Amino acid sequence: MEGTCNCGAVKVNVNDSELFSKRRGHICHCQNCRKTAGSAYGSNLLVETEKVTITGEDNLSVYKDFNTLSGNPVSRYFCKTCGNPIKSMTDLYAGKSILKLGIFPQIPHPEWESFALKRQEWLVPMEGCAQYKIKSLGEKMDD
Ligand SMILES: [Zn+2]
Ligand SMILES: [Zn+2]
């Protein structure tokens, strides 16, 4: 699956055969993902970096975000021409990238929601999605 930023300078290819054969990706309700997405939540895919090929990487700028709810610094990459968010990287998930799914033509059915405690009150939990209170794969809402 290939996605591009708004101006097309950055192209991202994910080499993963299971993107649509099972649930993949997650919704993040943290304030930083909301701001980055410019929306009510972020739509992310946590994936092995080796499965990701980026064309036009020279056109990425990075913002090192220290003010995160999890306390882990996150490097946020975006297209320096059009400002489109592309991916995040954090030591919390070594060897993995967090791709911003909005750049792709189709978004897989999400597998989980993170920072569910921060979900907007008018949103409901997505059916069949695991609900993590804070970080992905951390403590669940019903634990
Ligand atoms: Zn761009
Ligand atoms: Zn987030």
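Predicted model, so just to flag it, every value in this text is computed and none were measured.

1. Some thoughts on the pattern of salt bridges
Then, number 1: This structure, assessed with the given rule, holds 8 salt bridges.
Then, number 2: As a salt-bridge pair, Lys133 and Glu139 come within 3.0 Å of each other at their nearest N and O atoms.
Then, number 3: Members of the salt-bridge network, linked through shared partners, are Asp16, Arg24, Glu48 and Lys51.

2. Concerning the coordination of the zinc ion (ligand 2)
Then, number 1: Those donors, Cys28 (SG), Cys30 (SG) and Cys33 (SG), are the protein atoms that reach the zinc ion (ligand 2), and they lie 2.2 to 2.3 Å from it.
Then, number 2: For the zinc ion (ligand 2), the single-chain donor residues occur in sequence as C-x1-C-x2-C.
Then, number 3: Given a relative accessible area of 6%, Cys30 falls into the buried group.

3. Here we look at the nonpolar core
Then, number 1: Grouped together as the largest cluster of nonpolar side chains are 16 residues, with contacts concentrated most on Val10, Val12, Val14, Leu45, Ile86, Leu99 and Phe104.
Then, number 2: Of all the secondary structure elements, the ones that give two or more residues to this core are β2 (11–14), β4 (42–48) and β5 (52–55).
Then, number 3: Ignoring anything within four residues of it in the chain, the contact list for Val14 reads Met1, Leu19, Leu45, Val47, Lys51, Leu99 and Phe104.
Then, number 4: Grouped together as the second largest cluster of nonpolar side chains are 5 residues, Leu46, Tyr93, Ile98 and Trp112 included.

About the criteria used
- Residues numbered from 1 in each chain as written.
- Chains lettered and ligands numbered in written order.
- Predicted model: local features only at pLDDT ≥ 70, side-chain atom pairs only at ≥ 80, totals over all residues.
- Heavy atoms only, no water.
- Salt bridge = Lys/Arg side-chain N within 4 Å of Asp/Glu carboxyl O.
- Donors = N, O, S within 2.8 Å, 3.2 Å for Na, K, Ca; no water.
- Buried < 20%, exposed > 50% of the residue type's maximum accessible area, 1.4 Å probe, protein only.
- Core = buried A, V, L, I, M, F, W, Y, C linked by side-chain atoms within 4.5 Å.
- Helix = DSSP H or I, 4+ residues; strand = E, 2+ residues; numbered from the N terminus.
- Contact = heavy atoms within 4.5 Å.

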